[in-house]
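What the coordinates show
Chain by chain, the residues run as shown.
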Protein chains: 2
Amino acid sequence: MNIVLLSGGSGKRLWPLSNDIRSKQFIKLFKTETGDYESMVQRVYRQIKKVDADATVTIATAKTQVSAIRNQLGDSVGISVEPCRRDTFPAIALATAYLVDVQGVDPEESVVVCPVDPYVNEDYFEALKGLSDQADKGEANLVLMGIEPTYPSEKYGYIIPGSADQTASVKTFKEKPTADVAAQYIAQGALWNGGVFAYKLKYVLKRAHELIDFTDYQDLFAKYDTLTKISFDYAVVEKEEKIQVQRFAGQWMDLGTWNTLTEAMEEHVIGKGVLNDVCENVHIVNEMDVPILAMGLHDVVISASPEGILVSDKEQSSYIKPYVDKFVQQTMFAEKSWGSFRVLDVEERSMTIKVTLNPGHSMNYHSHQYRDEVWVVISGEGRTVVDGMEQKVSAGDVITMQAGCRHTVFADTELKLIEVQLGQNIHVGDKKKYELEL
Amino acid sequence: MNIVLLSGGSGKRLWPLSNDIRSKQFIKLFKTETGDYESMVQRVYRQIKKVDADATVTIATAKTQVSAIRNQLGDSVGISVEPCRRDTFPAIALATAYLVDVQGVDPEESVVVCPVDPYVNEDYFEALKGLSDQADKGEANLVLMGIEPTYPSEKYGYIIPGSADQTASVKTFKEKPTADVAAQYIAQGALWNGGVFAYKLKYVLKRAHELIDFTDYQDLFAKYDTLTKISFDYAVVEKEEKIQVQRFAGQWMDLGTWNTLTEAMEEHVIGKGVLNDVCENVHIVNEMDVPILAMGLHDVVISASPEGILVSDKEQSSYIKPYVDKFVQQTMFAEKSWGSFRVLDVEERSMTIKVTLNPGHSMNYHSHQYRDEVWVVISGEGRTVVDGMEQKVSAGDVITMQAGCRHTVFADTELKLIEVQLGQNIHVGDKKKYELEL
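This structure is a prediction, so every number in the text was calculated from the model and none was measured.

1. Description of the overall build of chain A
Of the regular secondary structure elements, chain A holds 10 helices and 30 strands. Computed over its C-alpha atoms, the radius of gyration of chain A comes to 24 Å, within 12% of the 22 Å expected for a compact globule of 438 residues. Total accessible area on chain A is roughly 18900 Å²; 46% of this is exposed by carbon and sulfur atoms. In chain A, 45 positive and 63 negative side-chain charges are present, and the distance between their average locations comes to 3 Å.

2. Some remarks on the interface of chain B and chain A
With 49 residues of chain B at the contact, the number on the chain A side is 49 residues. Of the roughly 4000 Å² buried between chain B and chain A on both sides combined, carbon and sulfur atoms contribute 71%. The largest share of the area that chain B buries against chain A comes from L293, M295 and I309 of chain B, three residues that together contribute 17% of it. Our count for the chain B to chain A interface comes out at six salt bridges.

3. Here we look at the relation of the copies chain B and chain A
Rotating chain B by 179° and moving it 0.1 Å along the rotation axis overlays it on chain A with an RMSD of 0.2 Å. As the rotation angle and translation indicate, the two copies are arranged about a two-fold axis. Of the C-alpha atoms belonging to chain B, the one lying closest to the rotation axis is found on L344 of chain B, 2.9 Å away. With an isologous cut-off of 70% or more, the 100% of interface residues of chain B that recur at the interface of chain A puts this contact in the isologous class.

4. Here we look at the confidence of the model for chain A
When pLDDT is averaged across chain A, the result is 93; 99% of the residues are at 70 or more. In the predicted complex, the global pTM is 0.84; the interface-specific ipTM is 0.84.

5. Some words on the sheet that holds strand β17 (residues 292-295) of chain A
The mixed open sheet is built from six strands, whose spatial order is β15(A)-β17(A)-β19(B)-β18(B)-β16(B)-β14(B). In this open sheet, the two edge strands, each paired with only one partner strand, are β15 (273-275) of chain A together with β14 (269-270) of chain B. Taken together, the four bridges between β17 of chain A and strand β19 (residues 308-313) of chain B define a ladder with parallel strand orientation. Bridge pairing in β19 of chain B links M295 of chain A to S312 of chain B.

6. Considerations on a negative patch on the surface
Residues and elements named next belong to chain A. On the surface, a cluster of negative charge is made up of D106, E109, D133 and D136. The topology assignment puts E109 in the loop between α3 (88-102) and β6 (110-115). Assessed through its relative accessible area of 37%, E109 is described here as partly exposed.

7. Some details on helix α1 (residues 40-51) of chain A
Within an α-helix, residues lying three or four positions from one another point in the same direction, as the helix has 3.6 residues per turn. All names here are of chain A. The end-to-end C-alpha separation of α1 is 17 Å, in line with the 16 Å expected for 12 residues at 1.5 Å each. Of all 12 residues that make up α1, nine are buried, and the element is covered over most of its length. Of all the residues in α1, the buried ones are M40, V41, Q42, R43, V44, Y45, Q47, I48 and V51.

8. A short note on the environment of L357 of chain A
Residues and elements named next belong to chain A. You can see L357 is positioned in strand β22 (residues 350-357). Each C-alpha atom of the pair L357 and S340 lies 6.7 Å from the other, and the pair is 17 residues apart in sequence. Apart from the residues within four sequence positions on either side, L357 is in contact with W338, G339, S362, M363, V409, A411, T413, E414, L415 and L417.

9. Let's talk about the layout of surface pockets
Residues and elements named next belong to chain B. The computed volume of the largest pocket comes to approximately 1600 Å³. T88, P115, K176, G194 and G195 are, among the 49 residues lining the largest pocket, the residues nearest its centre. Taken together, the elements giving at least two residues each to the lining of the largest pocket come down to α3 (88-102), β9 (157-161), β10 (167-174), β11 (191-200), α8 (232-235) and β13 (252-254). Of the residues in the lining of the largest pocket, the class split is 17 nonpolar, 16 polar and 16 charged.

10. A closer look at the packing of aromatic side chains
Enumeration according to the criterion identifies 32 aromatic pairs over all chains in this entry. Ring centres 5.1 Å apart and planes at 40° place the aromatic pair W15 of chain A and F327 of chain A in the tilted group. With W15 of chain A in the loop between β1 (2-6) and β2 (30-31) and F327 of chain A in the loop between α10 (321-326) and β20 (333-336), the pair connects residues that are 312 residues apart, well separated along the chain. Accessibility classification places W15 of chain A together with F327 of chain A in one group, the buried group. On the numbers, 6.4 Å between centres and 25° between planes, the contact of F89 of chain A with F232 of chain A is stacked. Residue F89 of chain A is located in helix α3, and its partner F232 of chain A is located in helix α8 (residues 232-235); the two are separated by 143 residues in the primary sequence. Each member of the pair F89 of chain A and F232 of chain A is classed as buried. Chaining the aromatic ring pairs together yields one cluster made of F89, F197, Y199 and F232 of chain A. Taking the ring centre of F30 of chain A as reference, the NZ or CZ of R43 of chain A above it sits at 5.9 Å. Positioned above the aromatic ring of Y234 of chain B is the side chain of K239 of chain B, whose terminal nitrogen or guanidinium carbon lies 4.1 Å from the ring centre.

11. Some details on the side chain of T356 of chain A
On the secondary structure map, T356 of chain A appears in strand β22. Residue contacts for T356 of chain A: discarding those within four places in its chain leaves W338, G339, S340, E414, L415 and K416 of chain A.

12. Notes on the packing of α1 of chain A against helix α4 (residues 122-137) of chain A
All names here are of chain A. Look at α1 against α4: their axes get within 9 Å of each other, and the N-to-C directions meet at 60°. Relative to α4, the element α1 lies oblique. Between α1 and α4 the crossing geometry is right-handed. Residue-level contacts link V44, Q47, I48, K50 and V51 of α1 to E122, F125, E126 and K129 of α4.

13. Regarding the pairing of strand β27 (residues 398-401) of chain A
Residue and element names in this part refer to chain A. Only one face of β27 is covered, namely the face carrying I399 and M401; the face carrying V398 and T400 is uncovered. Direction of pairing for strand β24 (residues 372-379) relative to β27: antiparallel, over a ladder of four bridges. For E373, the partnering residue across the bridge sits in β27 and is M401.

14. Some details on the pattern of salt bridges
Working definition: two side chains of opposite charge can pair if their charged atoms are close together. Within the structure shown, the criterion is met by 40 salt bridges over all chains. Between K202 of chain A and E108 of chain A there is a salt bridge whose closest N-O contact spans 3.1 Å. In this pair, K202 of chain A is assigned in helix α6 (residues 201-211) and E108 of chain A in the loop between α3 and β6, connecting sequence segments 94 residues apart. A salt bridge links D219 of chain B to K223 of chain B; its shortest N-O distance comes to 3.2 Å. One continuous salt-bridge network, built from bridges that share partners, spans D345 and E347 of chain A together with K354 and K416 of chain B.

15. Remarks on unusual backbone geometry
In this structure, the amide linkage connecting W15 of chain A to the following residue, P16 of chain A, adopts the cis form with an omega of 5°. Among the secondary structure elements, P16 of chain A is positioned in the loop between β1 and β2. The phi torsion at D87 of chain B lies on the positive side, around 65°, for a residue other than glycine. Mapped onto the fold, D87 of chain B is located in the loop between β5 (78-82) and α3. A relative accessible area of 39% places D87 of chain B in the partly exposed class. Positive phi outside glycine occurs at D299 of chain B, with the angle close to 55°.

16. Comments concerning the sheet that holds β24 of chain A
All names here are of chain A. With antiparallel pairing, the six strands of this open sheet are ordered in space as β20-β21-β22-β29-β24-β27. Since the sheet does not close on itself, it has two edges, and those belong to β20 and β27, each with one partner. Mean inter-strand twist for the sheet, computed between neighbouring axes without regard to direction, equals 20°. Bridging between β22 and strand β29 (residues 415-422) involves eight bridges; their strand directions are antiparallel. Directly across from V355, in β29, lies its bridge partner L417. Each of β20 and β21 (339-347) is contacted by helix α2 (residues 66-73), which is oriented at about 70° to β20, the strand it contacts most.

17. A few points about the environment of A91 of chain A
Residue and element names in this part refer to chain A. Within the element layout of this structure, A91 appears in helix α3. Using a relative accessible area of 5% as the deciding quantity, one classes A91 as buried. Linking A91 and T61, residues 30 residues apart in sequence, is a C-alpha distance of 8.1 Å. Discounting residues that sit within four places of it in the chain, A91 has contacts with E82 and Y224.

Cut-off values and rules
- Residues numbered from 1 in each chain as written.
- Chains lettered and ligands numbered in written order.
- Predicted model: local features only at pLDDT ≥ 70, side-chain atom pairs only at ≥ 80, totals over all residues.
- Heavy atoms only, no water.
- Helix = DSSP H or I, 4+ residues; strand = E, 2+ residues; numbered from the N terminus.
- Rg over C-alpha atoms; globule rule 2.2 N^0.38 Å.
- Areas by Shrake-Rupley, 256 points an atom, 1.4 Å probe, with all protein chains shown as cover.
- Lys, Arg positive; Asp, Glu negative; His and termini not counted.
- Charge placed at Lys NZ, Arg CZ, Asp CG, Glu CD.
- Contact = heavy atoms within 4.5 Å.
- Buried area = accessible area lost by both parts, 1.4 Å probe.
- Salt bridge = Lys/Arg side-chain N within 4 Å of Asp/Glu carboxyl O.
- Least-squares fit on C-alpha atoms with pLDDT ≥ 70 in both.
- pLDDT = per-residue confidence, 0-100.
- Pairing = 2+ DSSP bridges.
- Patch = residues over 30% accessible without salt bridge, like charges linked within 9 Å, V, L, I, M, F, W, Y side chains within 5 Å.
- Buried < 20%, exposed > 50% of the residue type's maximum accessible area, 1.4 Å probe, protein only.
- Expected span 1.5 Å × (residues − 1).
- 1 Å grid on protein atoms, 1.4 Å probe; cavity = no way out; pocket = protein on both sides within 12 Å on 5 of 7 lines; lining within 4 Å.
- Points joined across faces, edges and corners; volume = space filled by probe spheres on them.
- Nonpolar A, V, L, I, M, F, W, Y, C, P; charged D, E, K, R; others polar.
- Phe/Tyr/Trp six-rings, centres within 6.5 Å; stacked < 30°, edge-to-face > 60°.
- Lys NZ or Arg CZ within 6 Å of the ring centre and 35° of its normal.
- Axes fitted to C-alpha atoms, helices over the stretch in contact; angles between N-to-C directions.
- Parallel < 35°, antiparallel > 145°, perpendicular 65-115°, else oblique.
- Left-handed = near helix turned anticlockwise from the far one by under 90°.

This is the structure we're talking about:
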């Protein structure tokens, strides 16, 4: 099975764990059998591989998420990087071209496209295989998943199938309705449209060539910023007559707010935290090193990260966005392809950061124009390169780098260092990257 | 007026702001006219000086609080340091000897003794002057403050005065009663015993010499650990027949729990914090650099410091102690006589600290046996001394110190540095102090 996972933009609804650079799908909230925690992305990938060990997984996403994906999934997935945001049709066309031209997948093969962040069980991925198999048959050009509704939601579009069969033709689509109208749809046998569908690669390639003047993946990628914003629904789905839907009745949750998210948590406390015995329906998600003590609370979620602390009534938590939008804040923590960093201290003319490099990885070879830096290695072994000079380093070694000096560090084992940045104008944009000639 | 302020032990009832080394009286929670915040100690000292600019203030306290007092009050107060805890009679005897032998106060003069942490207005300190003036008269050996009760509290002892006059003889003392009994006392005209009293220095010196074999302050200090634990009430007050009480009817609050403390706060938010409009009776006290967002809460206190985060129903907050006792935690922040430090990062074999030195101050000249240290100066100017070698330093300078090496830093201006400690066995006890021979 080929799967394209659409990994959407940043979100603040799960602040302080999600922010401008960390989307909710990368937060590690779900306990695995081994007792570790995994993110939605990791959970979905693990579930896909369990259902189909040979599945080819491609994540269609923005550049800003590449580091986090590589950090959490390594090199096991393909990434179709959208150079800029251009709605779902260009994104899916690009991912389709990527599969054929970069991954070498036969255009006769089918692919399933689905969001990266549904909270589901393995039966969902079995259902995805069903969609893919149905697309293989060629009876229809598009095969959609129709989720059996559990309540008359106003949040989803609806699909009216031609029959109540497991696989049926699509009679019509309905936009997000009011609850009353939704109830009427459901009485007619309507299904939720979860934005999941399968098609043969050649089908979407053909549609893409009809709508966009391009030769291959590289060409499409190069002119991506010139493309018109248009949704896949509008460009393809609504115009297609040979279109089917397959029913899915398993668990399917959209964990978009703290309220819905905490319902999916197995434990009341993740991280360091204590609830006294008078607490009821309280959840703590703590990414800080210090304990949270909750006493006498009801229906409250508490979450702390290096970016801030949320204490909210669960119902109220869905109104978080305008408050968080007002916080002017620099990124205090980020996962990168090579490891992660955390801001420890911010002063007017200095910033202190803890950098953790994963074994075998290194940051880009780079320089800064407006700041000096000092590295103090606190654990691990590796090699620094400063203006072309390579040097072995381990705990206790100090490296000073003047503004303009090119530098990087390779981690031979996991390597941690304290980086002190010094200058009158410290900002993330002050970075020039170089190829390392060694 | 001579005043001895009894500065009590560490407390965890106001965790995470108070802890093993920071007592509640040093937390800066009270807004001044200039918009800054002051601690209870600073507030009380400022109030005393306003009422009596010539007052001699002495703080009787444990060694562990000396740094915080010097940090917050400078050298303007005398400190009678108790070498160990020996209850109130030895402490008051030591402070009395300190006034006479160290500060050179005439033994014929009176002194007022009171706790360091009442939340009161200036009329309270006017009343202290009244006690002192009354003691000067010599009608009685002890003059107590009797606080007019506002409700039948079970938390205080009661004084039954001989009359309803402003100054009266003491008929008898009553232990902390039940609420019913307290109501009966109050009907009889009883007053709260707030532990405030005045006496002539020579009086307590005489009692001290009767009970303890010592020559002077130095001698008493030297044998302090051999003294019997005995309260001033038991050793002196209850045995004294020439004893009076003066009524006090002004505001007098004991801010011992988050519930009572937040009542005395002028604002709902201290530090970075936002309450949404559905919050009612919510207080935020945030010592962290990141924002706290509170949504849809009622009657809750939220407090965050580098030691942890408390989110508690206000009533429940009085039950905090057993939970906090279970947290095994190192000190993450401390005020020292020379400035302050904050722990930024703790790893198995390293610890990273931010050190702030006040202008004109320096830490002790010291060495560590089991750890190396690296300093990166991030702002200010000063001079380091490393193994006797003095060197000017400013932002960007890096100083490396091997285990065993003696070092200190003087701050010519406010000076901040990042200290990285490296070693297999990092603990606060690994410190050897030296006289600096320069």
